[in-house]
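# Fold and geometry: a report
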Amino acid sequence: MATASDAEKLHWDQIPEKQGLYDPKRESDACGVGAVMSMKKTTSRKILTDACDMAVRMTHRGAKQANENDGDGVGIMLSIPDDYF
């Protein structure tokens, strides 16, 4: 396990130590979800690139597309203002 100070340096498949609400004892091999947002309700390309990065790092079968005959998959939900259209 890495130390909390090394959290920024972890490889995507490493498990960090217990911190805040995160507890590695609760990890399991199952599909997951992630959320990337701005708490200040601001727009930013970084939010989208972080969401894409998170989707790439999901190692469940949908994100890997290990079973091409399955309807499973991964996606990103965006909020697009009505004025844009």
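Preceding this paragraph is the structure being described.
Let me begin by describing the structure that accompanies this report. (Residues numbered from 1 in each chain as written. Predicted model: local features only at pLDDT ≥ 70, side-chain atom pairs only at ≥ 80, totals over all residues. Heavy atoms only, no water.)

### Considering the overall build of the protein
As a reminder of what qualifies: Helix and strand definitions here come from DSSP, where helices need a minimum of 4 consecutive H or I residues and strands a minimum of 2 consecutive E residues; each element is numbered from the N-terminal end. For every residue, the accessible area obtained with a 1.4 Å probe (protein chains only) is divided by the maximum for its type, and the residue is called buried under 20%, exposed over 50%, and partly exposed between those limits. Note on definitions: a residue-residue contact is assigned when non-hydrogen atoms from the two residues lie within 4.5 Å. Reported accessibility uses the Shrake-Rupley method at a 1.4 Å probe radius. Residues are deemed covered only where the shown protein chains occlude them.
Secondary structure assignment for the protein yields two helices and zero strands. By the burial criterion, 11% of the 85 residues in the protein qualify as buried. Within the protein, contacts between residues separated by at least 24 positions form 22% of all contacts whose residues are at least 6 apart in sequence. Roughly 8000 Å² of accessible area belongs to the protein as shown, and the carbon and sulfur atoms make up 51% of that amount.

### Notes on the pattern of salt bridges
Let me state the cut-off plainly: A pair is scored as a salt bridge if a Lys or Arg side-chain nitrogen falls within 4 Å of a carboxyl oxygen belonging to Asp or Glu.
Applying the stated rule across the entire model yields one salt bridge. One salt bridge connects Lys46 with Asp50, and the closest N-O pair in it is separated by 2.9 Å. Highlighted residues: Lys46 and Asp50, both in helix α1 (residues 45-57), separated by four residues, approximately one helical turn. Overall, the relative accessible area of 53% leaves Lys46 in the exposed class. A residue is classified by how much of its surface remains accessible, and Asp50, at 30% relative accessible area, is partly exposed.

### Comments concerning the environment of Gly34
Within the secondary structure, Gly34 sits in the segment before α1. Taking the relative accessible area as the measure of exposure, Gly34 reaches 40% and is therefore partly exposed. Residues within four places of Gly34 in sequence aside, it is in contact with Met54 and Met58.

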